[in-house]
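Report on the structure
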Amino acid sequence: MEDKPLGILRVHVKRGINLAIRDSTSSDPYVVVTLGNQKLKTRVINSNCNPVWNEQLTLSIKDVNDPIRLTVYDKDRFSGDDKMGDAEIDMRTFLEAHQMELDFQKLPNGCAIKRIRPGRTNCLAEESSITWSNGKIKQDMILRLRNVECGELEIMLEWTDGPGCKGLGREGSKKTPWMPTKRLD
């Protein structure tokens, strides 16, 4: 069996909002993005609870059922780094937008394809839209951090069918190799 990835997911880590204080008056935050055995991190922003990273991290997607975990840490020089909260993203809703039977090229730039409301099953702080933007499908979102007193992360997802990737199988068929099969009883 081939072990080719389905595609490439770019996670644009934009900024942190009202992150928790872990040092005396501020924090030195950075974000770790984990998917399966892949682990990437942003640079450290010193003394800032509202950091702007604007960093793009690239993940190879092999299994759409694996959640993406974002964990914020406070960098400490003389002791272990302090955890400042975490969030999880289920990317299946985002990838299902790629399967819609639409001629995306005919959509106006910025057109919302699907809206996702915050709920108990996601970490969204507010409604998120999957949009057609500059020839690509993107999703901007603000994630509420869990396991911490306060803090949010603003990120953006963007899918790419990279060279040598299987792709999502949109060509003329609603049936794809990665979508779960639904039983009709």
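What counts as what
Residues numbered from 1 in each chain as written. Predicted model: local features only at pLDDT ≥ 70, side-chain atom pairs only at ≥ 80, totals over all residues. Heavy atoms only, no water. Helix = DSSP H or I, 4+ residues; strand = E, 2+ residues; numbered from the N terminus. Buried < 20%, exposed > 50% of the residue type's maximum accessible area, 1.4 Å probe, protein only. Contact = heavy atoms within 4.5 Å. Areas by Shrake-Rupley, 256 points an atom, 1.4 Å probe, with all protein chains shown as cover. Pairing = 2+ DSSP bridges. Salt bridge = Lys/Arg side-chain N within 4 Å of Asp/Glu carboxyl O. pLDDT = per-residue confidence, 0-100. Axes fitted to C-alpha atoms, helices over the stretch in contact; angles between N-to-C directions.

Further remarks concern the overall build of the chain. Within the chain, the regular secondary structure consists of one helix and ten strands. Starting at the N terminus and ending at the C terminus, the chain contains elements arranged as β-β-β-β-β-β-α-β-β-β-β. In the chain, buried positions account for 45% of the 185 residues. The long-range fraction of contacts in the chain, counting pairs at least 24 apart against all pairs at least 6 apart in sequence, stands at 57%. Roughly 10700 Å² of accessible area belongs to the chain as shown, and the carbon and sulfur atoms make up 46% of that amount.

We now examine the pairing of strand β8 (residues 128-133). Counting buried positions along β8 yields six of six residues, so the element is predominantly enclosed. Side-chain alternation along β8 places Ser128, Ile130 and Trp132 on one buried face and Ser129, Thr131 and Ser133 on a second face that is also buried. In the sheet, strand β7 (residues 111-116) pairs with β8 via five bridges, with the strands oriented antiparallel. Across the sheet, residue Arg115 finds its bridge partner in β8, namely Ser129.

This part takes up the pattern of salt bridges. With the rule as written, the count across this model stands at 15 salt bridges. One salt bridge in this structure joins Arg43 and Glu55, with 2.6 Å as the shortest N-O distance. Placement of the pair is Arg43 in the loop between β3 (38-41) and β4 (52-61) and Glu55 in strand β4, with a sequence separation of twelve residues. Assessed through its relative accessible area of 40%, Arg43 is described here as partly exposed.

This paragraph deals with the confidence of the model for the chain. Mean pLDDT for the chain: 87, with 89% of residues reaching 70 or above. This stretch, residues 171-176, has a pLDDT under 50; its non-local contacts, to residues over four places away or in other chains, come to seven contacts.

Strand pairing in a sheet relies on backbone hydrogen bonds. The paired strands run either parallel or antiparallel. The strand order across the open sheet formed by four strands is β3-β2-β5-β6, and the pairing between neighbours is antiparallel. Edge positions in the sheet fall to β3 and β6 (82-89), since each has one partner strand and no second. Ignoring which end each strand starts from, the neighbouring axes of this sheet average 20 degrees apart. Across six bridges, strand β5 (residues 68-74) lies against β6 in antiparallel orientation. The residue bridging Leu70 from the neighbouring strand is Ala87, located in β6.

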